[in-house]
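Examining the three-dimensional arrangement
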2 protein chains.
Amino acid sequence: MKLGQATIKDIAKELNVSLSTVSRALKDYPGISNETKRKVKELAEKLNYRPNAIALSLRKSKSFTIGVIIPEVVHFFFSTVISGIEEVAFANGYNVILCQTNEKLQRELSSIEAMLDNQVDGLLVSYSKETEDFNHFTKLLKQNFPIVFFDRVPEIENTVNVTVNDFKGAYDATSHLINQGYKNIAHLAGPKNLTISRKRLDGYLAALQDHSIKHNPDWIIPCPIGTQEESFEFTKRLFENEKAKPDGIFASNDIAAAGAMMAVKSLGLKVPSDVGVVGFSDWQFSSMIDPPLSTVSQPGFQMGEKAISLLLEMINKKKDETWTPKTVVLETELIIRKSSEKIITE
Amino acid sequence: MKLGQATIKDIAKELNVSLSTVSRALKDYPGISNETKRKVKELAEKLNYRPNAIALSLRKSKSFTIGVIIPEVVHFFFSTVISGIEEVAFANGYNVILCQTNEKLQRELSSIEAMLDNQVDGLLVSYSKETEDFNHFTKLLKQNFPIVFFDRVPEIENTVNVTVNDFKGAYDATSHLINQGYKNIAHLAGPKNLTISRKRLDGYLAALQDHSIKHNPDWIIPCPIGTQEESFEFTKRLFENEKAKPDGIFASNDIAAAGAMMAVKSLGLKVPSDVGVVGFSDWQFSSMIDPPLSTVSQPGFQMGEKAISLLLEMINKKKDETWTPKTVVLETELIIRKSSEKIITE
DNA sequence: CTTTTTTATGCAATCGTTTGAATAGGGCTT
DNA sequence: AAGCCCTATTCAAACGATTGCATAAAAAAG
């Protein structure tokens, strides 16, 4: 034993009692004399005894560990979600093991395998951009293995999900641009296989429609990679090629919005007077760029908290009880900053 | 068993052989007939058998899990370190369990307890701002428990550490400001109990001295909290109160630099023409703010890789072999952007 | 002074796997 | 045909803890 950690056996030997007596004494079982309890506890204290969680896991077929699968920690949003998860997990005596997929399906598959080998009690998943087939999840769900999907949720049956109201967030953002007087609004869309991308696109379209603005299909630009460079390039191209230039941009995330803003500025146009820009997520940098970026903030921490709370509920169900599929939708908040203020309100 | 996962026992029963035969067949031990091996492997495949990592951990007193203790995931730098750690851990069959201290000593202590209970094979630590006493680490080190400290390293003996050359980074940053013609350079310092803060301060002082500039103690402003608001406030106060106003700011991190820049701008001064600003860390947002922030970039990913490589080396040592204390120092890179370019080079 | 009840403790199986030592059976040698 | 050596397999202990059941001793009841 690396740490020379004391075990129940050590205590038993030292006190000349059986293992079971020690075990029971430590947990105040009835039927152990006070004298023995005292002695056992004293020695345990002295030897700094701590139960071996691995042995307990094996015995109880329960590891008190949950696995979290996310695309990337460096994404500000995901890192706030992790904080929320950690907070609740910790408070309930659970450990969190983390795997990033780096947006790779292969990584997602192998991470899940690794986590199952380690007997995690449940999984919290936000799948990769490459994931288009959900068999690896349905297989587990069929076996009643607890999974909660968050943010990026699959369109399959009987799942428990936590998302943000992407539709409404996008709708509000786009409406805000329209109300500010921007009429020709382009959309930098996210990867098509993510539900969130579609929902945001739908919100964008609905807002246009509700304001009787016809949408221009050429102005919906998918940004599959999601880097600032990508949206910079695409935005530049959009503004250079088109005759009727857009005067507003709603981007499905802040990185894309930042890239777009740089592209617009590089063409000599001013934000917000010539072009209004709104992003999505409220990254840490969004309030610091110039002009500060209007955006739709998502409650990441809260999402983490909610997701793990649901998961713990599922884990604590009796073996044969099933859970009811549900989707918890958290509300977003439109944060208006300079980048979209055409109308100066005094 | 929640997953109805097949065990060695199931295979043994089905094929009417003993547990040991199955175990050995699966790992191609000599002395098992090819026929038996074939049958065992076939059935294992069919039942989708995967060894139970918990049982293995117990048997081998080795969990193939390492614990990572960091202040906060939302810090861009730390999240890149995590990526580096994960990458190497994963490639070597190790799992990573993560705890954030949120800069609280209490959290640090309880996280370490929890991780030890879970029999982590080693620890990767960047301690909290509150940590001033290192007994909880020395106790473990004395027992030969593998720990590698990264970024924030304690000043105690016989440790293995990975840091960045904070002194040189700060020296370079300050020298750069001086060379650009800024002569009155203030420093927004980090928490005093962190070595990195002191090293950066030292680098700043050394650069001033080497350029024969006398430092003004009032211009060294500790920012213990580390938020943008804090440095905004302190910077504003500095510029309002002093008669001889600084024309340069070297901040010990980018968040502080960003706050300072906003404060300066709010006072009607221009960056970089009136005041030059350089930060530390190269956060994601640093290139996006206006003007883009000059900063000292730290190789976070590489730091993670190096730290876990060292840890795995320690873990793989024989029981009684000791390791030699050492500190790996990674070099920083000065990234010059607009915020510090007084001299316009064409 | 038995018999019954209570109290305190021990035994042994179990969780899933590994591994040193034991063993059964077949073929070979002499 | 006795002895010996392989080869393929099994036994059993171990990792650290829990827990139903058995049991010994002490106390209470008759």
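Nothing here was measured: the structure is a model prediction, and the numbers come from that model. Throughout, a residue's number is its position along its own chain's written sequence, starting from 1. To read the labels, note that chains go from A and ligands from 1, taken in the order they are written. Given that the model is predicted, a residue must reach a pLDDT of at least 70 before its local features are reported, and side-chain atom pairs must reach 80 or more before they are shown or counted; all residues, however, enter totals for whole chains, interfaces and linings. The side-chain values count all of the structure's non-hydrogen atoms but skip hydrogen atoms and water molecules.

Residue and element names in this part refer to chain B. Note on pairing: two strands pair once DSSP finds at least 2 bridges between them. Strands here mean DSSP runs of E at least two residues long; helices mean DSSP runs of H or I at least four residues long; both are numbered from the N terminus. Spatial ordering of the open sheet is given by E7-E6-E8-E9, a layout of 4 strands whose pairing is parallel. In the strand order of this sheet, the two ends are held by strand E7 (220–222) and strand E9 (276–278), each with one partner. With strand direction ignored, the average angle separating the axes of adjacent strands in the sheet is 15°. For strand E6 (residues 185–189) and E7, the ladder comprises 3 bridges, and the chain directions are parallel. Within E7, the position partnered with His187 by the bridge is Ile220. On top of the sheet, helix H11 (residues 254–266) reaches E6, strand E8 (248–251) and E9; it is set at about 155° to E8, its chief contact. Every axis corresponds to a line fitted to the C-alpha atoms, with the helix fit spanning only the stretch in contact, and the corresponding angles, defined between N-to-C directions, vary from 0 to 180 degrees. Two residues form a contact once any of their heavy atoms are found within 4.5 Å.

Our focus in this paragraph is the protein's contact with DNA strand D. Consider each residue's heavy atoms; a residue with any of them within 4 Å of a molecule or strand counts as near. Around DNA strand D lies a shell of 28 residues, among which Ile8(A), Arg24(A), Arg59(A), Thr21(B) and Arg24(B) are the nearest. Backbone atoms, meaning sugar and phosphate, make up 54% of the atoms of DNA strand D lying within 4 Å of the protein. The term polar contact refers here to a pair of N or O atoms within 3.5 Å; inside protein, the definition further demands a hydrogen-donor-capable atom paired with an acceptor-capable atom, and it admits residues adjacent in sequence only when both atoms are side-chain atoms. Between DNA strand D and Thr36(B), the relevant distance is 2.8 Å, taken from a phosphate oxygen to a side-chain nitrogen or oxygen of the residue. Going through the elements one at a time, helix H1 (8–15), helix H2 (19–26) and helix H4 (53–60) of chain A together with helix H2 (19–26) and helix H4 (53–60) of chain B are the ones with two or more residues in the surface near DNA strand D. Residue polarity is assigned by list, with Asp, Glu, Lys and Arg as charged and Ala, Val, Leu, Ile, Met, Phe, Trp, Tyr, Cys and Pro as nonpolar; anything else, Gly included, falls into the polar class. In terms of residue class, the surface near DNA strand D is made up of 10 nonpolar, 11 polar and 7 charged.

The next thing to look at is the pattern of salt bridges. Take a side-chain nitrogen of Lys or Arg and a carboxyl oxygen of Asp or Glu: if they are within 4 Å of each other, that pair is a salt bridge. Scanning the model with the defined rule gives 28 salt bridges over all chains in all. Arg38(A) is the partner of Glu42(A) in a salt bridge, and the nearest nitrogen-oxygen pair spans 3.0 Å. In this pair, Glu42(A) and Arg38(A) both sit in helix H3 (residues 34–47), 4 residues apart, roughly one turn of the helix. A simple rule labels every residue: compare its accessible area, found with a 1.4 Å probe on the protein chains alone, to the largest value its type can have, and call it buried under 20%, exposed over 50%, or partly exposed in between. For Arg38(A), a relative accessible area of 40% gives the class partly exposed. With its nearest N and O atoms 3.6 Å apart, the salt bridge here joins Arg50(A) to Glu113(B).

Right, let's get into the packing of H2(B) against helix H3 (residues 34–47) of chain B. Residues and elements named next belong to chain B. Where H2 contacts H3, the axes come no closer than 9 Å and their chain directions differ by 85°. In terms of axis orientation, H2 runs roughly perpendicular to H3. Between H2 and H3, the residues in contact are Thr21, Val22, Ala25 and Leu26 and Thr36, Lys37, Val40, Lys41 and Ala44, respectively. Residues that form the contact of H2 with H3 fall into these classes: 5 nonpolar, 2 polar and 2 charged. Here roughly perpendicular refers to angles of 65 to 115 degrees, roughly parallel to angles under 35, roughly antiparallel to angles over 145, and oblique to all remaining angles.

Residues and elements named next belong to chain A. Two rings belonging to Phe, Tyr or Trp (six-membered ring only in the last case) form a pair when the distance between their centres is within 6.5 Å. Interplanar angles under 30 degrees mark stacking, angles over 60 mark edge-to-face geometry, and anything in between is tilted. Under the criterion given, the structure shown has 17 aromatic pairs over all chains. Ring geometry for Phe64 against Tyr94: centres 5.0 Å apart, planes inclined by 55°, an arrangement best described as tilted. With a gap of 30 residues between them, Phe64 in the loop between H4 and strand E1 (65–70) and Tyr94 in the loop between helix H5 (76–91) and strand E2 (95–100) connect regions that are remote in the sequence. Taking relative accessible area as the criterion, Phe64 reaches 37% and is therefore assigned partly exposed.

On to the protein's contact with DNA strand C, then. Around DNA strand C, the surrounding shell holds 30 residues, and the nearest of these are Ser18(A), Thr21(A), Ile8(B), Arg24(B) and Arg59(B). Atoms of DNA strand C within 4 Å of the protein: sugar and phosphate make up 58%, bases the balance. At a separation of 3.1 Å, a phosphate oxygen of DNA strand C approaches a polar backbone atom of Ser33(A). In the environment of DNA strand C, a base oxygen lies 2.6 Å from a nitrogen or oxygen atom belonging to the side chain of Arg24(B). Broken down by secondary-structure element, the contributors of at least two residues to the surface near DNA strand C are H2 and H4 of chain A together with helix H1 (8–15), H2 and H4 of chain B.

By themselves, these observations are geometric and do not establish any function.
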